[in-house]
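Here are the chains, one letter per residue:
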Amino acid sequence: MIKFFARYLIKDYKNFSDAEVRGKYGILCSSFGIFLNILLFAAKLIGGILASSVAMMADAFNNLSDAASSFISVLGFKMAGKKPDKDHPFGHGRLEYISGLIVSFLILLMGFELFTSSIQSIRNPKTVDGGLFSLSIMFAGILVKLYMYLYNHSIGKKISSPTMEAVAKDSLSDMISTSVVILSIILSNFTSLPVDGIGGLIVALFIFIGGIESCKDTIDPLLGLPPEKDFVEAVEKETMKFHLIIGIHDLVVHDYGPGRVMISLHAEVPGNQDIFVLHEIIDQAENAISEKFNCMATFHMDPIDTENNRLAHLKQIAKEEAEKLDEKCSVHDVRIVPGDKQTNLIFDIVRPHICQFTEEEIKEKLACSIKEREPDVNCVITVDSPYIE
């Protein structure tokens with residue numbers, strides 16, 4: 001159904017990386033979610049009243065909150081699609097994350113409301129009349145939520161939308177909670193225990209778990225996540241295709257919302273080449289990376305002395321000794337300043353976040369081990385933290 005509407009309502013509907021296409025997919029899926037959730041709310045409310053089931057009516061209002069969440073998602077996608085302005089030069093993409101966070105809070109709120117109503121149902125149990133009509137509604141609700149999970153998860157993955165992934169997880173949680181309600185309605189015919197209220201508590205637990213996971217999924221990109229390893233490797237591979245770029249380091253990915261990514265890196269080039277030729281190559285690489293990965297790329301040109309044998313020798317020693325401290329340690333920006341009595345070896349070392357040595361210990365141990373091999377060398381070391389491990 002979603003594919004059918006997308007084909008006719010979204011121009012260039014297969015271009016999932018395009019910001020405008022992303023926004024239209026988000027609005028389409030969220031609008032369809034509003035429609036389905038309102039239908040489920042009405043049907044389950046009627047069924048819950050007829051069956052006198054607190055758990056079923058709570059499940060109905062859970063669908064109503066899902067409709068409200070989908071409405072917030074629509075607003076989030078529309079606002080996130082706004083063009084950059086003087087107050088927000090990097091666009092409004094992170095509003096999508098904020099809308100996803102609001103959806104998560106609504107899920108938690110509904111879980112709390114269901115929890116309290118279930119406690120009251122356990123204290124004051126009522127007879128549940130689980131007729132075929134009510135059970136049929138609940139079974140139909142599971143099928144609808146399964147469909148919603150599938151299309152939200154599929155489209156959310158294609159357009160890299162944490163908001164749609166949160167909605168998909170909520171749909172999955174709803175399927176489990178509705179199954180619990182069905183079980184409680186059936187069991188109420190065979191026992192005097194307040195299974196309706198107990199079923200409501202179990203549903204509330206699933207909603208809480210889903211809400212907490214959704215909060216994490218939307219808070220993490222707001223705080224800042226490391227780039228995907230595959231993405232970093234792809235950028236490195238594409239950059240190294242350009243003639244005279246012999247290495248890269250200090251790759252940083254800034255995420256200002258889905259489809260609004262900035263990349264900065266240091267590109268190592270031979271220092272003995274014409275500066276204008278090197279500058280042209282860097283420009284070409286920036287443009288190619290920007291176009292291929294739908295981002296804004298900025299390269300810093302790092303000239304490297306490729307003819308100094310002493311520098312190459314010391315660089316290899318620094319690399320070997322760094323890896324002895326931790327195999328994930330790496331060195332870059334290596335240069336030397338020769339003197340009459342000593343040579344200053346200046347470089348940066350990338351220390352992994354999980355390392356048995358502190359920054360000061362790294363500096364001290366590395367300087368000592370290099371000096372043991374090269375007594376005339378004095379190390380000047382800067383410790384960096386990796387953006388990806």
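Residues numbered from 1 in each chain as written. Predicted model: local features only at pLDDT ≥ 70, side-chain atom pairs only at ≥ 80, totals over all residues. Heavy atoms only, no water.

## Notes on the overall build of the protein
Put simply, the rule reads: Secondary structure elements are defined from DSSP: runs of H or I of at least 4 residues count as helices, runs of E of at least 2 residues count as strands, and each element is numbered from the N terminus. Every radius of gyration here is taken over C-alpha atoms, with the globule rule written as 2.2 Å times N^0.38, N being the number of residues. Using a 1.4 Å probe on the protein chains alone, a residue whose accessible area is under 20% of its type maximum counts as buried, one over 50% counts as exposed, and one in between counts as partly exposed. Whether two residues are in contact is decided by their heavy atoms: any pair within 4.5 Å suffices. To be clear on the numbers: accessible area is Shrake-Rupley with a 1.4 Å probe, and residue cover counts the displayed protein chains and nothing else. When charges are tallied, Lys and Arg are placed among the positive residues and Asp and Glu among the negative ones, while His and the ends of the chain are skipped. Note on charges: their place is set at NZ of Lys, CZ of Arg, CG of Asp or CD of Glu.
Along its length, the protein carries 11 helices and 6 strands. Over its C-alpha trace the protein gives a radius of gyration of 29 Å, far above what one expects of a compact globule, namely 21 Å for 389 residues. Dimensions of the protein along its principal axes, counting C-alpha atoms only, are 95 × 50 × 35 Å. Each of the 389 residues in the protein was classed as buried or not, and the buried ones make up 46%. Restricting to contacts in the protein with at least 6 residues of sequence separation, those with at least 24 account for 67%. Split by element, the accessible area of the protein, about 20500 Å² in all, is 61% carbon and sulfur. Here the protein contributes 36 positively and 50 negatively charged side chains, and the mean placements of these two sets differ by 6 Å.

## A look at a nonpolar patch on the surface
The following threshold applies: Patch construction takes residues with relative accessible area above 30% that form no salt bridge. Like charges are linked within 9 Å, and nonpolar side chains (Val, Leu, Ile, Met, Phe, Trp, Tyr) are linked within 5 Å. What makes a salt bridge here is a side-chain nitrogen of Lys or Arg within 4 Å of a carboxyl oxygen of Asp or Glu, nothing more.
The grouping of M1, F4, F5, Y8, L9 and Y147 at the surface amounts to a nonpolar patch, some 650 Å² of accessible area in total. Sorting elements by how many residues they give to the nonpolar patch places helix 1 (residues 2–9) first, with 4 residues. By the secondary structure assignment, L9 is in helix 1.

## Quick word on the state of the cysteines
Two cysteines form a disulfide when their sulfur atoms are joined by a covalent bond. To be explicit about the condition: Two cysteine sulfur atoms form a disulfide, by the criterion used here, when they sit within 2.5 Å.
Applying the stated criterion across every chain, the model contains 0 disulfides. Just so you know, C379 is unpaired, no disulfide at all, and the nearest cysteine sulfur is the one on C368, 9.1 Å from it.

## With respect to a positive patch on the surface
A cluster of basic side chains, namely K3, R7, K14 and K158, defines a positive patch on the protein surface. With respect to the helices and strands, the residue K158 is situated in helix 5 (residues 132–158). Under the relative-accessibility criterion, K158 is labelled partly exposed at 40%.

## Observations regarding the packing of helix 5 against helix 6 (residues 162–187)
Here is the rule: Working convention: axes come from line fits to C-alpha atoms, limited for helices to the stretch in contact. Angles between N-to-C directions cover 0 to 180 degrees. Throughout, the term roughly parallel applies to angles under 35 degrees, roughly antiparallel to angles over 145, roughly perpendicular to angles from 65 to 115, and oblique to all others. Helix crossings fall into two classes, left-handed where the near helix is turned counterclockwise from the far one by less than a right angle and right-handed where it is turned clockwise. Residues are grouped as follows: nonpolar covers Ala, Val, Leu, Ile, Met, Phe, Trp, Tyr, Cys and Pro; charged covers Asp, Glu, Lys and Arg; every other residue, Gly included, is treated as polar.
The interhelical angle for the contact between helix 5 and helix 6, taken along N-to-C directions, is 165°, at an axis separation of 8 Å. Judged by the inter-axis angle, helix 5 sits roughly antiparallel to helix 6. Pair helix 5 / helix 6 crosses with left-handed handedness. Grouping the constituent residues of the contact of helix 5 with helix 6 by class yields 18 nonpolar, 6 polar and 4 charged.

## Considerations on the environment of M175
When you line up the elements, M175 lands in helix 6. Taking the C-alpha atoms as reference points, M175 and S31, 144 residues apart in sequence, are found 20 Å from one another. Other than its neighbours up to four places away in sequence, M175 contacts I142, K145 and L146.

## Comments concerning the packing of helix 4 (residues 95–123) against helix 6
Closest axis-to-axis distance for the helix 4/helix 6 pair is 8 Å, and the angle between their directions is 20°. Our classification of the angle between helix 4 and helix 6 gives roughly parallel. Crossing angle aside, the handedness with which helix 4 passes helix 6 is left-handed. Contacts from E96, Y97, S99, G100 and I107 in helix 4 reach P162, T163 and D170 in helix 6. Here the residues of the contact of helix 4 with helix 6 sort into 3 nonpolar, 3 polar and 2 charged.

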